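Understanding the architecture of this molecule
Chain by chain, the residues:
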Amino acid sequence: MMATHTQFSGLQKLLHWLMAVLILSMLFVGVGMVFTVSRAHDTLVALHRPLGVALLLLVIVRLAVRLRRGAPPLPDSMPAVQRVIAKASHYVLYALMLAMPLIGWGMLSAGGYPVTMAGGFHLPPILPASVTLFALLRTLHTWLGLTLFAVVLLHLAAALLHALVLRDGVFQAMAPGARR
């Protein structure tokens, strides 16, 4: 879809910023889960699982909105290689935002662990129980989580570059309340 607007929609901005907060929270909760043996571990696990499912639902909505509405065009002043990097980084972000909760759900399914939601509701397993598959998916979930963290940091660095140095309108297109 070719975008003719200069701003992301209000819904796109809401989804972006809500997911940014949730993803950063999830990354830190995930690290905390792995590195704590205190009573906080169970609380972190109980928080991580439903937030992961919420993020999965939000990214599906976000993808649908993005496919329907598109994105504002990048500035003409942006070199071609930067355009390619910008588009590729968004594909990577969307892929990771989809993959992480699905791999987490699959990992828990393979380990025989329920994905518990509010009120004790459990999501059905999406993979058969398998210790080998559980171990593989756990490693994959960890490495992709670290990759997501790195890509988020690069995304943040690019946003700050556009907002504070280049001032080319890229950041303003997603900034809450901003006009390009």
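The notes below deal with the structure included here. These figures come from a predicted structure and were not determined experimentally.

Quick notes on the overall build of the chain
On a plain count of helices and strands, the chain comes out with four helices and two strands. Along the chain, helices and strands appear, N-terminal first, in the series α-α-α-β-β-α. Considered along the principal axes of its C-alpha atoms, the chain spans approximately 50 × 30 × 25 Å. Each of the 180 residues in the chain was classed as buried or not, and the buried ones make up 37%.

Quick notes on the side chain of H162
Examined against the element boundaries, H162 turns out to sit in helix α4 (residues 131-166). Those residues in contact with H162 that lie beyond four places of it in its chain are M78, R167, D168, V170 and F171.

Some points on the packing of aromatic side chains
Enumeration according to the criterion identifies two aromatic pairs in this entry. Both rings, one in F28 and one in F149, keep their centres 5.9 Å apart while their planes meet at 85°; by these two values the pair is edge-to-face. Remark: F149 occurs in helix α4 and F28 occurs in helix α1 (residues 10-35); sequence separation between them is 121 residues. By relative accessible area, F28 is classed as exposed at 54%. Note on Y113 and F134: the rings are 5.8 Å apart at their centroids and 50° apart in plane angle, and the pair reads as tilted. Of the two residues, Y113 is situated in the loop between α3 (80-111) and β1 (115-116) and F134 in helix α4; the sequence distance between them amounts to 21 residues.

Considering empty space enclosed by the protein
By the definition in use, this model includes one cavity of 30 Å³ or more. The computed volume of the largest cavity comes to approximately 50 Å³. The wall of the largest cavity is formed by F8, Q12, R62, R66, Y94 and M174. Grouping the amino acids of the lining of the largest cavity by side-chain chemistry returns three nonpolar, one polar and two charged.

Some details on the packing of α3 against α4
In contact at an axis separation of 9 Å, α3 and α4 are set at 155° when each is read in the N-to-C sense. Considering the angle they form, α3 stands roughly antiparallel to α4. Of the two elements, α3 crosses α4, and the hand of that crossing is left-handed. Here the contact of α3 with α4 is built from residues that sort into 16 nonpolar, eight polar and one charged.

About the thresholds
Residues numbered from 1 in each chain as written. Predicted model: local features only at pLDDT ≥ 70, side-chain atom pairs only at ≥ 80, totals over all residues. Heavy atoms only, no water. Helix = DSSP H or I, 4+ residues; strand = E, 2+ residues; numbered from the N terminus. Buried < 20%, exposed > 50% of the residue type's maximum accessible area, 1.4 Å probe, protein only. Contact = heavy atoms within 4.5 Å. Phe/Tyr/Trp six-rings, centres within 6.5 Å; stacked < 30°, edge-to-face > 60°. 1 Å grid on protein atoms, 1.4 Å probe; cavity = no way out; pocket = protein on both sides within 12 Å on 5 of 7 lines; lining within 4 Å. Points joined across faces, edges and corners; volume = space filled by probe spheres on them. Nonpolar A, V, L, I, M, F, W, Y, C, P; charged D, E, K, R; others polar. Axes fitted to C-alpha atoms, helices over the stretch in contact; angles between N-to-C directions. Parallel < 35°, antiparallel > 145°, perpendicular 65-115°, else oblique. Left-handed = near helix turned anticlockwise from the far one by under 90°.

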